[in-house]
Structures are given as C-alpha cells and as structure tokens.
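Each chain, letter by letter, is given below.
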Amino acid sequence: MGGFFGAVAADDCVTDLFYGTDYHSHLGTMRGGLAVRAEKGFQRAIHDISNAQFRTKFENDFRRFEGRSGIGVISDNEDQPLVISSHLGLYAIVTVGVVTNHAELTRELFAGRSVQFSEMSRGGINPTELVATLINSQATLAEGVRYAQQKIEGSCSMLILTDTGDLYAARDRFGRTPVVVGRKEGAVAVAMESCSFPNLGYSLDRELGPGELVRCACDGVETVLPPLGPLAVCSFLWVYFGYPSSSYEGRNVEMSRYRCGGALARRNPVDADSVGGVPDSGVAHALGYAAEAGIRYARPFVKYTPTWPRSFMPPDQKARELIAQMKLIPIPGLIQGKRLVFCDDSIVRGTQLRDQVKRLYDDGAREIHMRIACPPLLYQCRFLNFSRSRSEMDLATRRIIREIEGDNADVAAYLDPDGTPYREMVGRIRQRLGLSSLAYQRLDDLVEAIGLPRDQLCTYCWTGEDVSKPGGCTHGCGHCPAPCAAGGGGAR
Ligand code: SF4
C-alpha cells in the first residue's frame, strides 16, 4: 500500500520527518525515501528497505539533512520522492495508491509528443512520475492536482514540497486512504497514520476530506481545493492495514478489532480451551473474541519480533511462505490436546494459513476453529496495492468457485452469507485448510464494528460495489443494494 509523512516547522523538521516516516514502515515493503528543502535546494535520499529497516537505512541521511520542510515515503514499488522541474517550478513529490489506467494515461500523454518519462519502476513507468506529468499538464498546481484526481482510476494521495518550502497534501478522490493533519507549537505535520503524531508532540488537528488539497505552513493549514464526495475509505484499514493506535475518520483501529472479534464470538460460538490470534493483526480480533466468549486468551504461536518486526512480506511467494513460517514459533504446551480458536484478519490465497494449521496439528492440536475478521475476499482490490496477486483467481474463494461452477461463474451469487452457494464455498475452504470449523465475519457486523455508515466505506473486495462507477456496482449482478450501471441490482 505505502504511506507518507510530511512536516513544516519554524525550525529544523528533519527529526520529525525521520521518525514520522518511520512510523509508516508497516505500510510498505520495498523503498523508503526522504526529501528536504534545504537552504541551497533539495536534499533527497532513496533506499531499498526490502531487507532492512527504514531507520537503519536512513541513519546517515538523517545526520546530514537539514531544512524546515520535508516529505518522506514508504513505498511498495517505485523510487520516490521524485524531484520534478516543470513550468510549475521545481518540486518534490510522493504518492500512495495505484494507477490502474496507467497505460491509457500514458498513451494520451504521448499523443501530445512532447512528453517523456525517465524514472522506471519494475520495467514500467514510475507511477509518481506519471502523476507529476498529469499535474504539469495544467496551468497551476491546484488545477493539476484536481486534473490528476479526475483522470486517475484507482487512487492517489500525495505530498508535494515546492522549491519555496511550501508543503501541499492531497487526499485521493474518494478518500480510500486517510490523510491527517497534526499540529504543535511552530510545526505542522501531514501523515497517513495518526499514530505517528503523539510521540513527536503533535495533536491531531483534522482529517482531509476526499480529494481535498491543503497547503501547510508552520503556523497553519489552508484549504486550496475543497473536498469532493462521496467518501469511500478503505475498510481494510481497520481489519488489517492500519496500525492499532491509529484512528481514521475518528474510529480507532484496535477498538474496532475488539468489536470485530466480539461480533465473531456472538455469531459463531464454539467450545474451546483457548482463543489465539495470528500475529499481528489477528491478535486484537482474538482479544475481542476471547472477552466476548469468556474463553481465556493464549498464544500457541509467538512471533519472533526482534528481527521480524514488519507485517508485510518480500515479493517472492516462496520467500514469503518461508518467512511466514520462520516468524512464528509454536509453544507445544499450549497446543497439545487442545481445542483452539484462532482469529485471523483475512484469507487471501490460504496457503500460509494451511501451513500454520498443519503445524498446529503436527504439534498435537485436537481441534482448530478459525474465525476470520472480514467476509470472504471475492474481488481483487483496484484501489491500493493490497496484495501482490496478479489475478483474482489467486483468491482462495475464486479457486473454489471455479471448481464448483467452472470459468463463467456468477461470483455475486456467493455474496449472501445465508445462501447455499456461500455455505458451499466456505465449507470447501474449511475442508482444504483442514479446519474443524471456519466462520467469516458478516459485512453488516464488520461495518458496525468500524462504526462508520456503510456508504462512507469502500467494501469492494467483498462486494464488488464501487462508488466511482455510476450506480455503485461494477458487475451487473442483481445483488448490489443500489441499481448497478449494467441495469441489475437493487435485489438486496
Ligand atoms: S477494495 Fe478492499 S482493500 Fe481495496 S480499498 Fe476497497 S476495502 Fe480497501
């Protein structure tokens, strides 16, 4: 997914920038970057963080950088920040999101003939350079940001640091990613994770609305482009991505996860000796389950945190599976002969979970009951780099549906948790994973646990509903709550 942090201060901002960016390390795997507007121009550093922590890699830059405004990023893919020279002046830019229509946008830009790209990312055009090129195609920075927001399919939040030291922040068009503003005496910070504020002395000032652009100075924040609507903030922030001590739209992650676990326990009770969570994000869900069910919380697996502190994994699937195994160390006394409930945030492919279940049985577990904090993932996220899957068919649900119905299945028929297709799909996933029982969260319970109205949340990966499309539904399924663009819908 990625995350960013920016700061502007009356004095030097580099310490806040360094630690503030570091507090976004759980959001990305590949690259870290910093840019500071120093007295004589921009200072910039980009490092590979795929196998080392941000702080270790940027320690030397931290010592040599100085300036009153700066931006930092943790990125899943491309090198950033980029320093761009254009008719809008010199500026540094970082982006978070995914541009799904990059090929079409590139073709359009090339049609103008005077555009070229120099920064490559995995053999393709660097998405941040593409965004900067869209911005530069307009007369002013504000017009350019709005134009980019309108043209981009997917999502794009950004920070821009101008040559004059002005810090601009824009939230993506539908607010799928959060952007929050913090203030303290003589400084303003902008971040994706509000948990980056308290230890640096910032108090949360406000959250940007969808599409809003602000200019930050050390003594205040001014709206340059007003928010647009509607809001469709990513529900997965509360389930998995978000840091427990962060809040988005005023709803804290850890507390939402407790409520998720509580709802799972009420709907899916089972006799068991203990409840555990698959670290890290499954833990708070499990604490909520244990409290509601009145079953003791225990840690049959403990995560080796001293050298495996990050929640994301390397790009190679085999390496990810090996690392997933190396991170978790079993405690036989809490497993042998026991009936275990486990809570996890989600099932994507199911391969890691299958391996963990096998290890638990090998260690003598009598029963394993899995409780998943969100509904079955049926659609691949189009708005963030949620998973490295190239195909929707990597999803455990899709493979099972294909097995049941072949290639032209009506996926939307599997949305209803009370329906026969859903029950058959979940039953087969349970069987494949070798579980004693398996239950997923219901969408209405998840929405209630988050605490925002459903129409302010993106739920696309579970429902296929997309607010950026007319009518809200992308598949003409006849199952979406609102009539869909293809003429179906309104059935539930
Ligand atoms: S599709 Fe899922 S992961 Fe992607 S933004 Fe929407 S809720 Fe978040």
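Residues numbered from 1 in each chain as written. Predicted model: local features only at pLDDT ≥ 70, side-chain atom pairs only at ≥ 80, totals over all residues. Heavy atoms only, no water.

Enquirer: Let's hear about the packing of helix α11 (residues 396–405) against helix α12 (residues 420–433): which residues, and what values?
Expert: The interhelical angle for the contact between α11 and α12, taken along N-to-C directions, is 110°, at an axis separation of 10 Å. By the criterion of interaxial angle, the relationship of α11 to α12 is roughly perpendicular. Here α11 and α12 pass one another in a crossing that is right-handed. Of the residues in α12, those in contact with T397, I400, I401, E403 and I404 of α11 are E424, M425, R428, I429 and R432. In terms of residue class, the contact of α11 with α12 is built from five nonpolar, one polar and four charged. (Axes fitted to C-alpha atoms, helices over the stretch in contact; angles between N-to-C directions. Helix = DSSP H or I, 4+ residues; strand = E, 2+ residues; numbered from the N terminus. Parallel < 35°, antiparallel > 145°, perpendicular 65-115°, else oblique. Left-handed = near helix turned anticlockwise from the far one by under 90°. Contact = heavy atoms within 4.5 Å. Nonpolar A, V, L, I, M, F, W, Y, C, P; charged D, E, K, R; others polar.)

Enquirer: If you had to explain the packing of helix α7 (residues 253–267) against helix α13 (residues 443–450) to someone new, which residues and values would you point to?
Expert: Contact geometry of α7 with α13 gives a least axis separation of 8 Å together with a crossing angle of 145°. For the crossing formed where α7 meets α13, the hand is right-handed. Along its contact with α7, which presents S256, R259, C260, A263 and R267, the element α13 presents D444, D445, L446, E448, A449 and I450. The residue inventory of the contact of α7 with α13, partitioned by class, reads five nonpolar, one polar and five charged.

Enquirer: Would you mind going over helix α5 (residues 141–151) in detail, with residue names and values included?
Expert: Among the residues making up α5, those that are buried are L141, A142, G144, V145, R146, A148 and Q149. The inward-facing, buried residues of α5 contact α4 (127–136), β9 (154–162), β10 (167–170), β14 (213–217) and β15 (220–225). (Buried < 20%, exposed > 50% of the residue type's maximum accessible area, 1.4 Å probe, protein only.)

Enquirer: I'd like a rundown of the confidence of the model for the protein chain, residues and numbers included.
Expert: Across the protein chain, the average pLDDT comes to 91, with 92% of residues at or above 70. Across residues 473–492, where pLDDT falls below 50, the model places 52 contacts with residues more than four positions away in sequence or in other chains. (pLDDT = per-residue confidence, 0-100.)

Enquirer: Now, about the packing of aromatic side chains: what can you tell me, with residues and values included?
Expert: Across all of its chains, the model carries 15 aromatic pairs by this definition. An angle of 40° between the planes, with centres 6.0 Å apart, marks the rings of F18 and F54 as tilted. In this pair, F18 sits in helix α1 (residues 14–22) while F54 sits in helix α2 (residues 54–64), placing the two residues 36 residues apart along the sequence. Each member of the pair F18 and F54 is classed as buried. By the ring-pair criterion, three or more aromatic residues cluster together here, those being F18, Y19, F54, F58 and F62. The cationic tip of R176 hangs over the ring face of F383; the distance from NZ or CZ to the ring centre is 3.5 Å. (Phe/Tyr/Trp six-rings, centres within 6.5 Å; stacked < 30°, edge-to-face > 60°. Lys NZ or Arg CZ within 6 Å of the ring centre and 35° of its normal.)

Enquirer: So what's going on with the sheet that holds strand β19 (residues 274–277)? Residues and values would help.
Expert: Within the open sheet, the four strands sit side by side as β19-β22-β23-β24. Their pairing is parallel. Single-partner strands in this sheet number two, and they are β19 and β24 (437–440). Going from strand to strand, the sheet's axes swing by 20° on average, the running direction of each strand aside. Relative to strand β22 (residues 339–344), β19 runs parallel, the two being bridged by four bridges. Following the sheet pairing, G276 is matched in β22 by F342. On top of the sheet, helix α10 (residues 351–362) reaches β22 and β23 (367–372); it is set at about 155° to β23, its chief contact. (Pairing = 2+ DSSP bridges.)

Enquirer: Before we move on, could you go through the side chain of T133 and cite the residues and values that matter?
Expert: Within the secondary structure, T133 is located in helix α4. Here the side chain of T133 touches E129 through a polar contact of 2.7 Å, landing on its backbone oxygen. Discounting residues that sit within four places of it in the chain, T133 has contacts with L109, V115 and F117. (Polar contact = N/O pair within 3.5 Å; in protein donor to acceptor, adjacent residues only side chain to side chain.)

Enquirer: Outline the site of the ligand, supporting the account with residue identities and numerical values.
Expert: Looking at the ligand, the residues that line it are C234, S235, F236, C381, F383, L384, C458, Y460 and C461. Looking at side-chain class alone, the shell around the ligand contains eight nonpolar, one polar and no charged residues. (Near = heavy atom within 4 Å.)

Enquirer: Any details on the pattern of salt bridges? Residues and values, ideally.
Expert: Proximity of charged atoms lets side chains of opposite charge pair with each other. On inspection of all chains with the given rule, the structure shows 26 salt bridges. We note a salt bridge from R215 to E222, for which the minimum N-O separation is 3.1 Å. Here R215 falls in the partly exposed class, since its relative accessible area comes to 24%. Residue classification places E222 among the partly exposed residues on the basis of a relative accessible area of 41%. Notably, a salt bridge pairs K358 with D362, separated by 2.9 Å at the nearest N-O pair. Taken together, the residues span about one helical turn, with K358 and D362 both in helix α10 at a distance of four residues. Judged by its relative accessible area of 54%, D362 is exposed. (Salt bridge = Lys/Arg side-chain N within 4 Å of Asp/Glu carboxyl O.)

Enquirer: Can you explain the nonpolar core? Please cite residues and give values.
Expert: Soluble globular proteins tend to bury their nonpolar side chains together. Ranked by size, the top nonpolar core spans 64 residues in total, and within it F236, W238, M425 and L438 carry the most contacts. Among all residues touching L438, those that are not within four sequence positions of it are I347, M370, R371, I372, V426, I429 and R430. Within the second largest apolar cluster, 25 residues are counted, among which are L82, Y91, L105 and A170. (Core = buried A, V, L, I, M, F, W, Y, C linked by side-chain atoms within 4.5 Å.)

Enquirer: Give me the lowdown on the pairing of strand β12 (residues 187–191), citing residues and values where you can.
Expert: Summarising burial for β12: five of the five residues are buried, a large majority. As defined by bridge partners, strand β1 (residues 3–9) adjoins β12 across five bridges and the pair is classed as antiparallel. Its bridge partner being in β12, F5 is matched across the sheet by A191. Inspection of the sheet shows strand β11 (residues 180–184) paired to β12 by five bridges, in the antiparallel sense. When the bridges of β12 are listed, G182 appears paired with A189. Between β11 and β12, which pair antiparallel and follow one another directly, the connecting turn spans two residues, one of which, G186, has a positive phi of 80°.

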